[in-house]
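Take a look at the letters that make up each chain.
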Amino acid sequence: MDFNFSVEHISLRETVRRHMEEEAAPFVRQSDESETFPKQLFRRWGELGMLAARYPESDGGVGMDKVSDCIIREEIARVSQAYCAAFSAHSHLGMWPIWKVGTSVQKEQYFNPAAAGEKIACFGLSEPDGGSDIRAMKTRAKKVVGGWKITGSKLYITNSPIADFMTLAARTKADLSADAVSLFIVDLPAQGLTIDSLKKEGLRGSETGLLHIDDLFVPDSHLLGEKEGTYPVILESLSENRVGVSASVLGLARGAYEEALQFAKA
């Protein structure tokens with residue numbers, strides 16, 4: 001097996017590294033001090049094809065492989081792990097379920113603009129009591145005329161203070177079967193949903209929120225795939241993302257080493 005990077009991989013790394021050093025790095029200190037993310041980076045990432053790198057060309061993506069995806073995340077994290085967290089929550093967690101099982105209308109309204117960086121996505125899964133343990137989920141969606149009423153809370157939701165929409169997980173049945181948890185697409189801001197920005201010790205340039213959900217109405221057309229039981233898609237999205245997390249940690253370590261080496265030589 002050949003573990004060497006291809007010419008395309010090397011070119012991609014050079015492109016992303018140049019972008020991060022020239023266009024993103026100047027914002028990092030300000031982001032950390034103000035605990036805000038420069039939203040214009042999403043539009044630029046869309047223009048460069050970074051947000052849709054992992055998705056097939058036939059679905060509006062760039063059609064790159066998983067190695068390319070990991071290179072992108074490594075190079076983002078080399079400059080800012082906070083920025084990589086924002087990138088990941090958008091391009092992997094927020095977008096992936098819509099690409100996987102969304103209707104053609106849902107893809108047109110949410111996946112396509114997210115891939116272009118025109119809309120920012122977040123993924124509403126983790127909760128105050130159960131974290132990302134899906135079986136412990138307390139957020140409930142109750143069927144009503146024309147849609148669903150959702151009540152509950154979510155915690156540590158990356159991008160939520162700046163997002164245009166959220167892929168939200170809620171329990172649509174009381175049992176613990178695979179079809180008991182469903183995903184909904186929620187436009188932000190929304191009546192019945194408040195977002196409190198969290199103060200953090202690290203990754204301060206990534207905006208993170210605590211969500212309070214009280215009788216949030218979501219129309220039937222915003223039930224992902226217009227079907228209940230998308231629990232397996234959540235698991236797949238998390239698995240797809242976790243591979244990239246290892247790449248981002250590598251990038252963080254590389255960036256820290258390079259900074260330390262430069263300081264030692266000064």
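Please refer to the structure placed before this passage.
Just so it is clear, the model here is predicted, and its values are computed rather than measured.

(A) View of the pairing of strand 5 (residues 181-187). Most of strand 5 is tucked away: 6 of the 7 residues are buried. By the bridge criterion, 7 bridges tie strand 4 (residues 165-171) to strand 5 in an arrangement that is antiparallel. Directly across from A170, in strand 5, lies its bridge partner S182.

(B) View of the nonpolar core. Membership of the largest hydrophobic core comes to 42 residues, with the highest contact counts inside it found for W45, I76, Y83, I150, L193 and L216. Put simply, the parts of the chain that give this core at least two residues each are helix 1 (7-34), helix 2 (40-47), helix 3 (66-79), helix 4 (81-94), strand 3 (147-158), strand 4, strand 5 and strand 7 (208-219). Each residue touching L193, except ones within four places of it in the same chain, is listed here: M166, V186, L188, L211, H212, I213 and L216.

(C) Spotlight on the packing of aromatic side chains. Inspection of the entire model under this criterion finds 11 aromatic pairs. A centroid spacing of 5.2 Å and a plane angle of 50 degrees characterise the contact between F37 and F42, whose relative ring orientation is tilted. You'll find F37 and F42 in the same group, each marked buried. A ring pair is formed by F42 and W45, whose centres lie 5.4 Å apart and whose planes are at 75 degrees; its orientation type is edge-to-face. Taken as a pair, F42 and W45 lie in helix 2 at a separation of 3 residues, close to a single helical turn. Under the relative-accessibility criterion, W45 is labelled buried at 0%. Grouped by ring-pair contacts, the aromatic residues F37, F42, W45, Y83 and F87 constitute a single cluster. Above the face of the F5 ring, R13 is positioned so that its terminal group lies 5.1 Å from the ring centre.

(D) Structural detail: the pairing of strand 1 (residues 121-124). Residues A121 and F123 point to one face of strand 1 and C122 and G124 to the other, with burial holding for every one of them. Bridge count for strand 1 against strand 4 is 4 bridges, and the pairing is parallel. Note that in strand 4 the partner of G124 across the bridge is L168.

(E) View of helix 1. Counted at 1.5 Å a residue, the expected span for helix 1 with its 28 residues is 40 Å, and the 39 Å between its end C-alpha atoms agrees. Most pronounced at A24, the bend in helix 1 amounts to some 55 degrees, and the proline P26 follows within four residues. Those residues of helix 1 that fall on the buried side of the exposure criterion are H9, L12, R13, V16, H19, M20, A24 and S31. Residues of helix 1 that are buried sit in contact with helix 2, helix 3 and helix 4.

(F) Representation of the side chain of S88 within the structure. One can find S88 in helix 4. Those residues in contact with S88 that lie beyond four places of it in its chain are R73, L93 and N241.

(G) Representation of helix 2 in the model. Restricting attention to buried positions, one finds in helix 2 the residues L41, F42, W45 and G46. Mapping the buried residues of helix 2 onto a view down its axis gives an arc of 140 degrees, with all of them on the same face. Elements in contact with the buried residues of helix 2: helix 1, helix 3, helix 4 and helix 6 (104-115). One or two steps after helix 2, the chain reaches G49, where phi turns positive at roughly 80 degrees.

(H) Structural view of the pattern of salt bridges. For the coordinates displayed, the defined rule picks out 19 salt bridges. As a salt-bridge pair, E21 and R78 come within 3.0 Å of each other at their nearest N and O atoms. Of this pair, E21 sits in helix 1 while R78 sits in helix 3, and the two are 57 residues apart along the sequence. For E21, a relative accessible area of 40% corresponds to the partly exposed category. On the basis of relative accessibility, which here comes to 16%, the residue R78 falls in the buried class. Across the pair K138 and D129 runs a salt bridge, and its minimum N-O distance is 2.9 Å. Each member of the pair, K138 as well as D129, is classed as exposed. Through salt bridges with shared partners, a single network forms among R13, R17, E74, E75 and R254.

(I) Fine view of a nonpolar patch on the surface. On the surface, F5, I10 and V67 cluster together into a nonpolar patch covering about 250 Å² of accessible area. The class for I10 is partly exposed, based on a relative accessible area of 41%.

Cut-offs and rules
- Residues numbered from 1 in each chain as written.
- Predicted model: local features only at pLDDT ≥ 70, side-chain atom pairs only at ≥ 80, totals over all residues.
- Heavy atoms only, no water.
- Buried < 20%, exposed > 50% of the residue type's maximum accessible area, 1.4 Å probe, protein only.
- Helix = DSSP H or I, 4+ residues; strand = E, 2+ residues; numbered from the N terminus.
- Pairing = 2+ DSSP bridges.
- Core = buried A, V, L, I, M, F, W, Y, C linked by side-chain atoms within 4.5 Å.
- Contact = heavy atoms within 4.5 Å.
- Phe/Tyr/Trp six-rings, centres within 6.5 Å; stacked < 30°, edge-to-face > 60°.
- Lys NZ or Arg CZ within 6 Å of the ring centre and 35° of its normal.
- Expected span 1.5 Å × (residues − 1).
- Bend = angle between axes of the 7 residues up to and from the residue.
- Arc of directions from axis to C-beta.
- Salt bridge = Lys/Arg side-chain N within 4 Å of Asp/Glu carboxyl O.
- Patch = residues over 30% accessible without salt bridge, like charges linked within 9 Å, V, L, I, M, F, W, Y side chains within 5 Å.
- Areas by Shrake-Rupley, 256 points an atom, 1.4 Å probe, with all protein chains shown as cover.

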